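Spelled out from the first residue to the last, the chains are:
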Amino acid sequence: MPEMIGDNVQIKLIRKYLKLKIVENNVLFRNHNQEKCHVYDIIKRTILQGESHSALVIGPRGSGKTTLINSVLYELSKEVDIASDAIVIKLNGLVHHDDKIALKSITAQMQLENAVGDRVFGTFAENLSFLLSCLQSGADRRCKSMVFVLEEFDMFCHSGRTQTLLYNLFDITHTKQAPMCVLGTTNRLDVMELLEKRVKSRFSHRHIFLFSNQDVEVDGREAPARSPLELYKELLVILLSMPACIGRRDVEETPRRRKAKGKTSVNIDELIQTDDSSNYTIPIEDLERCKVDIKQFRLDSAFIADWNTHIQALAATDSVVDSIEKFCYYINNEQIFRDILFQIVSHLSPNKPYIDATDVTATIDKTVAPEHRVKLLQSLSILELSLVIAMKHGMEIFDGQPMNFEMVLHRYTKFANANSSTQTVPRPVILKAFEHLQALEIILPVRNSDSIYNASDTTASRVQKEYKLYTLAVPIEDINEAVKNFKALPTEISHWYNNSVV
Amino acid sequence: MEELYKKVPCRESQLNDLLNLLGDYDEPLPYSLFLSGSMATGKSLCIESVLKYLGYKHVIVDCIECYSPKLMYESILTELGSDLEIKSDTMLDLTNALNRIGNSAVRYEPMVVVFDRAERLRTMDQSVMCAFLRLRELCNLNICTIFITHLVYDNFYFKMGVREPIKIFFPNYNKDELFKIIFLHHKSFVRHVQSNHDIDIEIKEELEKPELFANFLNAFLSVFYRPCRDLIELQNMARVNFVKYCEPIIKCEIQAQDLSKLWRHISPILKTSLELLYLRISASKSSNPSPGKENAEHESQCYNFEHTLKDELTSTKTFAQSFELPYYAKFLLIAAYLASYNPPKEDKRLFMKNHGKQRKRLQQVKAKAKISEKLNTQLGPKVFTLDRLLAIFYAILEEKIGLTSNLLAQIATLVELKLIAGSKEIDLDVSKYKCIVGYDFISAVAQTVGFNVRKYLYDFI
């Protein structure tokens, strides 16, 4: 019995640890070693040699741009004292898209609010150079290096307004007023087109691309690209495995000896535990940021070993491999994969201490092809579905011309009259059902008046709701699917659906 | 836990999903959740009760109420308990304030921000929702944003893509579940009946029997399930109809056990009340207000008014008659309708006695042009000028009357009554009108003056 309770606690701890690892760990960066070295080099040179650089990291969403920079900064922090030698300023295009806000945030991140005080500046450049001079006026007159990380870089390139912030930042790197490194991350390939001419000319044109299918360099020679399937499988194992080194400390003390214990107890784990054990742990900094004490994860090392074998076995299961392959076929986004893993891990509980292969496949299926639209169609009432079908028929007959309520009603009543078994529903109720469809955005009003009907009508914007034109906003395939699998659909409706013209 | 499942019936799997994802107090939350599903499927209820059960710090923002980003930021901060100033104009202020709250907390505290009716977020600047989707990353806190909407995720377009939320779908209740949920409120239904009637204790016992209510619900759903799956609406209609169902039992006309007789009694009532679905016209109150009360008279008056209003609204015919238009105004309205729904080309043929050769071509025209979907009556009214209106008016009116200012004032009245839509032009020659009443209405009006509208409608010739 006490053994059972112990297991319950342990599974909870594992769940918490894995959740933390999946959500909070943003310094673990795999692959793209070349690009990583590049960024690493740039930042290191800025901090140590006082050079000025600018670069853009470009890659699709979820390809690890932010993680790349975070992991570089994290690794650098082990080598150099970032806190005292440099200032890292992080701006996000979503938050700081306004130059004034950005400047305010820069001031705050430089901790210069007091120095600025109530001073009034004429221009943006004046303000920024004041901030820089404040930094220089230290005791040794040596300026700290600065690393600017601009996330969602494209949001800073606002069209219409001048790109003051970007201009000033790049100008500083260009004229080498102060050692500064400007790193932008974006998922827009055409980002250079968005830049003003004066901004573009000051940018170093150093692009770092992160594409998932790039050839990787292993030990100095080119190796063929690894398939996304392998990468995700590896990620699954890395994210779901528990590090052995946090095992219970009652027997051994040093990590080396604990590993040795793992070796003797479970042979299959030997490989992972000796090689990648560091891969499985969450960096201490992350845990501190989350105010979590590492010591609370007092797990039995045998239990961890068991768990890791379980994960290895899971990753080797055919159905899991298949569904990961399916995932890669649809999506190539690590964030989404992490979300999937999060959902899988959150299902763990004392009653269900292991991850089933079916969990993985079900969650991936749900994410990859959610078919919410089909489900939404299936949750319509029979009347509403009939209207959708009527509309679909009408649009088929008239080559996708938009329809108004009267036309749909006409078509529906034709059907209803032909089938005596259907109850007659009064017009206001049908109109309400039509409006319900509109609220669910299953049908959408036609905005442009290029339709043949109201070409001459000057008051087209003020037509009554019965005569407003709508188009179906769901694909025909979804309606097919919905009708096919509709529970308790009256036969005459499915018959009507399949025999298009009444 | 049990209580939670009892409070939110028929949503076990969704509740389980939510509980699992939100996890324990010291566990990290997911980035963002996206709950979608049709109206009245228990989305808000689920999330509210789950959050209450878990006891996390949370705020529920109604996006209709908080129509601007500023209001939204400030209401989030007020609820999450920032004791500092809660002025927050920009996303930066919000993240800063949230960070201050987070840093003051001793532990890794979970916070949840729920956006109800999130479809409204689309009307705001796109960066607002993008930022909320990655709020966790922006403020480095254990914070989760939850979006509740009746739209599916595909209806949210993002130009540049976003960090995708975890999606949970709420399907509609099916017939059995609807039955189960409404049945849970059996007591309140019975109370509702009792509050409207004076009932003997014997009959009261009869009414409280669950079998009776179950039978009623079966009959009710068999009629209403087809056009409507909205729980709230069904509950409302069931409440109204259950009173009627019980009336003969209270009056001792039908035995409570005589189900077939009760069914025969209720089925026509259900059919008629089907027309009232969604309209929310309060159905007739008790027909015999309890005597001796001071406000009995007032109540019955009130009842009468409601009754007439209901009658007027339920059928277009009575609604049309309720306007009590003058004789000529009725003809003007008919003329306006004809002008709106007939093509001007055909006026000559429709309204003149000697239209010459036109008749010959009639068959061809008919054969060519009558596609049901392109009938004028289905495309909506067209605009017409005052001249045309008056010409048709004199053509359909048999007697000869002068064009007086009285007559013109009638047109203004019709515009005021919103039966005709008119432009606000002062110059009568250029102003355009449009008839905005439907066919049912106009045929009801025409009946009162003995005029056959169909005969003069191009579509029906």
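Definitions and cut-offs
Residues numbered from 1 in each chain as written. Chains lettered and ligands numbered in written order. Predicted model: local features only at pLDDT ≥ 70, side-chain atom pairs only at ≥ 80, totals over all residues. Heavy atoms only, no water. Core = buried A, V, L, I, M, F, W, Y, C linked by side-chain atoms within 4.5 Å. Buried < 20%, exposed > 50% of the residue type's maximum accessible area, 1.4 Å probe, protein only. Helix = DSSP H or I, 4+ residues; strand = E, 2+ residues; numbered from the N terminus. Contact = heavy atoms within 4.5 Å. Pairing = 2+ DSSP bridges. Axes fitted to C-alpha atoms, helices over the stretch in contact; angles between N-to-C directions. Domains from an automatic or database assignment. Buried area = accessible area lost by both parts, 1.4 Å probe. Nonpolar A, V, L, I, M, F, W, Y, C, P; charged D, E, K, R; others polar. pLDDT = per-residue confidence, 0-100. Arc of directions from axis to C-beta. Salt bridge = Lys/Arg side-chain N within 4 Å of Asp/Glu carboxyl O. Polar contact = N/O pair within 3.5 Å; in protein donor to acceptor, adjacent residues only side chain to side chain.

Caption draft 1: Focus on the nonpolar core. If you look at the biggest cluster of nonpolar residues, it comprises 87 residues, and the most contacted ones within it are A:M391, A:Y412, A:I442, B:L207, B:F220, B:F224 and B:F242. With 10 residues, the top contributor of residues to this core is helix α12 (residues 231–250) of chain B. For A:M391, the residues in contact, after removing those within four places along its chain, are A:M403, A:V408, A:F434, A:I443, A:Y470, A:T471 and A:L472. A:L235, A:I282, A:I311 and A:C328 belong to the second largest nonpolar core, which has 70 residues in total.

Caption draft 2: Summary view of the environment of B:F323. All names here are of chain B. Counting through the fold element by element, F323 comes out in the loop between α15 (316–321) and α16 (327–341). Once the C-alpha coordinates of F323 and A412 are considered, the two residues, 89 residues apart in sequence, prove to be 15 Å apart. With sequence-adjacent residues up to four places away left out, F323 is seen in contact with L417, L419 and F441.

Caption draft 3: Summary view of the sheet that holds strand β3 (residues 145–151) of chain A. Residue and element names in this part refer to chain A. Reading across the sheet, the 5 strands line up as β2-β3-β4-β1-β5 and stay open at both edges, with parallel pairing between neighbours. Strands with a single pairing partner mark the edges of an open sheet, and in this sheet they are β2 (86–92) and β5 (207–209). Between one strand axis and the next, the sheet turns by 15° as a mean value, whatever way the strands run. Here β3 pairs with strand β4 (residues 180–186) via 5 bridges, running parallel. Bridging from a neighbouring strand, F148 pairs with V182 of β4. On the sheet, helix α2 (residues 33–49) packs against β1 (53–58), β2, β3, β4 and β5 and is oriented at approximately 150° with respect to β4. Contacting β2 and β3, helix α5 (residues 99–110) crosses the sheet at an angle of about 150° to β2.

Caption draft 4: Structural view of the domain arrangement of chain B. Residue and element names in this part refer to chain B. Each domain of chain B was delimited in the assignment, giving domain 1 (2–170), domain 2 (175–314) and domain 3 (324–460). Counting residues at the interface gives 5 residues for domain 1, matched by 7 residues for domain 2. The three residues of domain 1 that bury the most area against domain 2 are P9, C10 and A40, which together make up 84% of that side's buried surface. Across the side of domain 1 that touches domain 2, the residue classes break down as 4 nonpolar, no polar and 1 charged.

Caption draft 5: Looking closely at the confidence of the model for chain B. Residue and element names in this part refer to chain B. Looking at chain B as a whole, the pLDDT averages 80, with 84% of positions reaching at least 70. Per-element averaging of pLDDT across chain B places helix α14 (residues 296–314) at the bottom with 49 and strand β4 (residues 143–149) at the top with 93. For the stretch residues 283–303, pLDDT sits under 50, and the model shows 10 contacts to residues farther than four places along the chain or on other chains. At the level of chain-chain contacts, confidence expressed as ipTM amounts to 0.85, with global pTM at 0.85.

Caption draft 6: Broad picture of the environment of B:A412. For B:A412, the location among the structural elements is in helix α21 (residues 405–416). Sequence separation of B:A412 and B:G422 is 10 residues, and the distance between their C-alpha atoms is 8.8 Å.

Caption draft 7: Focus on helix α25 (residues 491–498) of chain A. Residue and element names in this part refer to chain A. Burial in α25 covers these residues: E492, I493, W496 and Y497. Looking down the long axis of α25, one finds its buried residues gathered within 140° of arc, a one-sided arrangement. Every exposed residue of α25 that faces more than 90 degrees away from the buried side is listed here: T491, H495 and N498. In this structure, the buried side of α25 is in contact with α21 (382–397), α22 (405–418) and α24 (476–484).

Caption draft 8: Layout of the interface of chain A and chain B. Between chain A and chain B, the contact holds 80 residues from the first and 77 residues from the second. Buried surface at the junction of chain A and chain B, both sides included, amounts to about 6700 Å², of which 55% is carbon and sulfur. The interface formed by chain A and chain B includes 11 salt bridges. Linking chain A with chain B are 19 residue pairs in polar contact (both at pLDDT 80 or more). When residues of the side of chain A that touches chain B are traced back to their parent elements, those giving at least two are α1 (2–24), α5, α18 (334–346), α20 (372–378), α21, α22, α23 (427–439) and α25 of chain A. No other element matches the 7 residues that α1(A) contributes to the side of chain A that touches chain B. Of the residues assigned to the side of chain A that touches chain B, the class counts are 30 nonpolar, 23 polar and 27 charged.

Caption draft 9: Main features of the pattern of salt bridges. Residues and elements named next belong to chain A. Here the structure, examined in full by the defined rule, presents 35 salt bridges over all chains. Here D359 and K352 are joined by a salt bridge, their closest N and O atoms 2.6 Å apart. Given a relative accessible area of 15%, D359 falls into the buried group. Residue class for K352 comes out partly exposed when judged on its relative accessible area of 25%.

Caption draft 10: Local environment of the sheet that holds β4(B). Residue and element names in this part refer to chain B. What the 5 strands build is an open sheet, ordered β2-β3-β4-β1-β5; its pairing is parallel. Both edges of this open sheet fall to β2 (57–62) and β5 (166–170), since each of them pairs with a single strand only. Shown here is a sheet whose adjacent strand axes are inclined to one another by a mean of 15°, direction ignored. Against the sheet, helix α6 (residues 126–133) contacts β1 (32–37), β3 (111–116) and β4, and its axis sits at roughly 130° relative to β4.

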